[in-house]
Amino acid sequence: MWTTRLAWSLVLPVPGSWRRRGLAGMLEGLCGGVADGLRRLGLDLRFKAPNDLEIGGRKIASCYLARAGDGLLFHGSVLEDVDIARTLKALRVPTEKLSPNGLAGARQRLTTLRQELGDVPPADVLKAALAAGLSASLGLAPVPGTADPPVAGRVDRGDGRDIGIGRAIAVDAGDAGSDAADDAPQAEALWRTPGGLLRARLGFDADGHRLASVRIAGDVLIDPIDLLDRLENELRGTPIADVHRRMARFLAHEPFEFWRFSGDDLHRVVRRALDRLHERRLFEVSLEQANRLTVMDPDGSPAEDIVGRAAVVLVPYCAKPSWCKWRHRDGCSECGLCEVGEAYRLGRQRGLPVVTITDYEHLCRTFAALRRRGVEGFIGMCCQNFFIKRHRAFRDSGLSMVLMDVTGSNCYELGQEEAAYRGAFEAKADLDIPLLRAVMRRVPSRTPRTDG
Ligand code: SF4
């Protein structure tokens, strides 16, 4: 089986009757048009904000909308057939985006035209249904036509001008890509909001006093679409001490719409990136190493406060070799054959207990137990993908934490999140021991040292 989908792009002026709607409202209206079209094929769809169409809680289509001035770009696709494993492997996406239970959950979260209708309708039938639904939604009459480049159909605006339907294009959802001309290390950060993930990447001048490059992006809904580009331009060259003041001034004078996040979230992601400079000095590490730290504190305390209060070290079982008898158990004999032994040694040296997290449920139980014992914070290691997808569990723990990203084989890159969730992942991830040592150096000893 292959994964196939029908994709379309629609370029149109903002309909006159929609001018008072925000971007989210316009996206909902256009999604309603797609749903209307697909209902004509016998499907019972429901819109799920911000941009999905579902049948019985399972996603069958996704849509995206961007506005530039008076123009809209509406892009979307509907699944015809899907081979989940092949698709996720090709896209290298964490399957937890689709379900906490990985691949099996992903299958439960998606449906297709073939599953719902027993077969995939011919392309011209699908396109006609979409054109009819969108035309009704927009109050426009569809007329057949051709275009250069060719499109499958055209919709007349009613004033002689028309818009095209049917030719798929790629839409950049926006990542914080690098400035190609700038090879200098950059500070990076991400911030999870209810509306999506924000990313920031900042470069600095030779003195480290000003922003030389700025990239802020995210998997979020923003209107106008060039707002972040203009914010980046505004911040480029800004003294670091002035960054937030200038951001606040920019946002105060720009009309904008963010879906389920705010200007405060933009400040947070930029602040997190700037904090890298402090963490680099604090732990005496490179900027690249500082980028691999995640610092989280309910009160916004800096990293030095958190390591000062840390009372336990958490390591992931996947950093132990598959042949180690301790792989799926808490504990380590410190045999010296993997980095986890060094983590245990450093914890013992500082008087901090070390706990091997054996699966997701164990992580949640450990958080609850730490809170019951009055523990305020911990030093931990986990891959960034896991942290992003399990962000809520970390945040809701109420604990302060300094987390180090793990490298090497991880369940996300290998498409084995389901196994990892159950604690059955077999490959080995690597701990960054120099970074761990640097962080642990700042942890005050709880007991007299017992070894060197
Ligand atoms: S150091 Fe610990 S976890 Fe690593 S192989 Fe030895 S006993 Fe296993």
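The model shown is predicted, which means the values in this text are computed figures rather than measured ones.

Draft legend 1. Expanded view of the overall build of the protein chain. The number of helices and strands found in the protein chain is 16 helices and 20 strands. For the protein chain, the residues scored as buried account for 39% of the 452 residues in total. A separation of at least 24 residues holds for 63% of the contacts in the protein chain among residues at least 6 apart in sequence.

Draft legend 2. Local environment of helix H6 (residues 227-235). Turning to H6, its buried residues are Leu228, Leu231 and Leu235. Down the axis of H6, the buried set is contained in an arc of 55°. They therefore lie on one face. With respect to the buried face of H6, the exposed residues turned more than 90 degrees away are Arg230 and Asn233. Buried residues along H6 sit against strand E11 (211-218), strand E12 (222-223) and helix H7 (243-253). Gly237 lies just past H6 and shows a positive phi near 90°.

Draft legend 3. Up close: the site of the ligand. In the neighbourhood of the ligand, the contacting residues comprise Lys320, Pro321, Cys324, Trp326, Cys332, Ser333, Glu334, Cys335, Leu337, Cys338, Val340 and Gly341. When grouped by side-chain class, the residues that make up the shell around the ligand number eight nonpolar, two polar and two charged.

Draft legend 4. Main features of the sheet that holds strand E14 (residues 293-296). With respect to topology, five strands assemble into an open sheet ordered E14-E18-E17-E15-E16, the strand pairing being mixed. Two strands in the sheet have a free side with no partner beyond their single neighbour: E14 and strand E16 (354-357). Ignoring strand direction, the axes of neighbouring strands in this sheet form an average angle of 20°. Pairing of strand E15 (residues 310-316) with E16, which is carried by four bridges, proceeds in the parallel orientation. Its bridge partner lying in E16, Pro316 is registered against Ile357.

Draft legend 5. Broad picture of the nonpolar core. Core analysis: the largest hydrophobic core is formed by 56 residues, its most contacted members being Val34, Cys63, Ile216, Val269 and Val270. Taken together, domain 1 (4-165) and domain 2 (187-283) each give at least three residues to this core, which thus spans both. Ignoring sequence-local partners within four residues, the contact set of Cys63 consists of Leu27, Leu30, Cys31, Val34, Asn51, Phe74, His75 and Gly76. With 50 residues, the next largest nonpolar core counts Ala290, Leu403, Val406 and Leu436 among its residues.

Draft legend 6. Here's a closer look at the packing of H7 against helix H8 (residues 263-283). Between H7 and H8, the shortest axis-to-axis distance is 11 Å and the interhelical angle comes to 160°. Between H7 and H8, the crossing angle belongs to the class labelled roughly antiparallel. Considering only the axes of H7 and H8, their crossing is right-handed. On H8, the residues touching Val243, His244, Met247 and Leu251 of H7 are Gly263, Leu266, His267, Val270 and Leu274. Here the contact of H7 with H8 is composed, by residue class, of six nonpolar, three polar and no charged.

Draft legend 7. Molecular detail of the environment of Gln108. Mapped onto the fold, Gln108 is located in helix H3 (residues 102-109). It is 9.2 Å that separates the C-alpha atoms of Gln108 and Lys59, two residues lying 49 residues apart in sequence.

Draft legend 8. The arrangement of helix H1 (residues 23-39) in detail. Taking 1.5 Å of rise per residue, the 17 residues of H1 would be expected to cover 24 Å, and the 24 Å separating its terminal C-alpha atoms lies within 8% of that figure. Those residues of H1 that sit buried are Leu23, Leu27, Leu30, Cys31, Gly33, Val34, Ala35, Gly37 and Leu38.

Draft legend 9. Up close: the confidence of the model for the protein chain. Chain-level statistics for the protein chain give a pLDDT mean of 84 and a share of 81% at 70 or above. Overall, residues 95-100 carries pLDDT values under 50, and its contacts beyond four positions in sequence, including any with other chains, amount to 19 contacts. Across residues 151-181 the pLDDT falls below 50, and counting only partners more than four positions away or on other chains, this stretch makes 78 contacts in the model.

Draft legend 10. Broad picture of unusual backbone geometry. Note the cis peptide between Ala49 and Pro50, where omega equals 5°. Cis geometry is found at the peptide bond from Asp223 to Pro224, where omega equals 5°. Here Pro224 shows up in the loop between E12 and H6. A positive phi angle, near 60°, is found at Arg260, a position not held by glycine. The residue Arg260 is located in the loop between strand E13 (257-258) and H8 in this model. Using a count of 14 C-beta atoms within 10 Å as the deciding quantity, one classes Arg260 as partly exposed. In this structure, Glu334 takes a positive phi of about 55° despite not being glycine.

Draft legend 11. View of the pairing of E15. Most of E15 sits out of view: five of its seven residues are buried. Sheet topology places E15 next to strand E17 (residues 377-381); three bridges connect them, and they run parallel. Bridge assignment links Val313 to a residue of E17, and that residue is Ile379. Handedness of the β-α-β unit built from E15, helix H11 (residues 339-350) and E16 comes out right-handed.

Draft legend 12. Looking closely at the environment of Ala438. Tracing the sequence through the fold places Ala438 in helix H16 (residues 433-441). Note: C-alpha distance between Ala438 and Leu282 (156 residues apart in sequence) is 9.2 Å. If near-sequence neighbours (up to four positions away) are discounted, Ala438 is found in contact with Phe283, Glu284 and Val285.

Draft legend 13. The packing of H6 against H7, seen in detail. The contact between H6 and H7 brings their axes to 10 Å, and the two run at 140°. By the angle between their directions, the pair H6 and H7 is classed as oblique. Considering only the axes of H6 and H7, their crossing is right-handed. Every residue of H7 that contacts H6 at Leu231, Glu234 and Leu235 is listed here: Val243, Arg246, Met247 and Phe250. Here the contact of H6 with H7 is composed, by residue class, of five nonpolar, no polar and two charged.

Rules and cut-offs
- Residues numbered from 1 in each chain as written.
- Predicted model: local features only at pLDDT ≥ 70, side-chain atom pairs only at ≥ 80, totals over all residues.
- Helix = DSSP H or I, 4+ residues; strand = E, 2+ residues; numbered from the N terminus.
- Buried ≥ 20, exposed ≤ 12 C-beta atoms within 10 Å, placed from the backbone.
- Contact = placed C-beta atoms within 7 Å.
- Arc of directions from axis to C-beta.
- Near = placed C-beta within 6 Å.
- Nonpolar A, V, L, I, M, F, W, Y, C, P; charged D, E, K, R; others polar.
- Pairing = 2+ DSSP bridges.
- Axes fitted to C-alpha atoms, helices over the stretch in contact; angles between N-to-C directions.
- Core = buried A, V, L, I, M, F, W, Y, C linked by C-beta atoms within 7 Å.
- Domains from an automatic or database assignment.
- Parallel < 35°, antiparallel > 145°, perpendicular 65-115°, else oblique.
- Left-handed = near helix turned anticlockwise from the far one by under 90°.
- Expected span 1.5 Å × (residues − 1).
- pLDDT = per-residue confidence, 0-100.
- Right-handed = clockwise from strand over helix to strand, strands pointing away.

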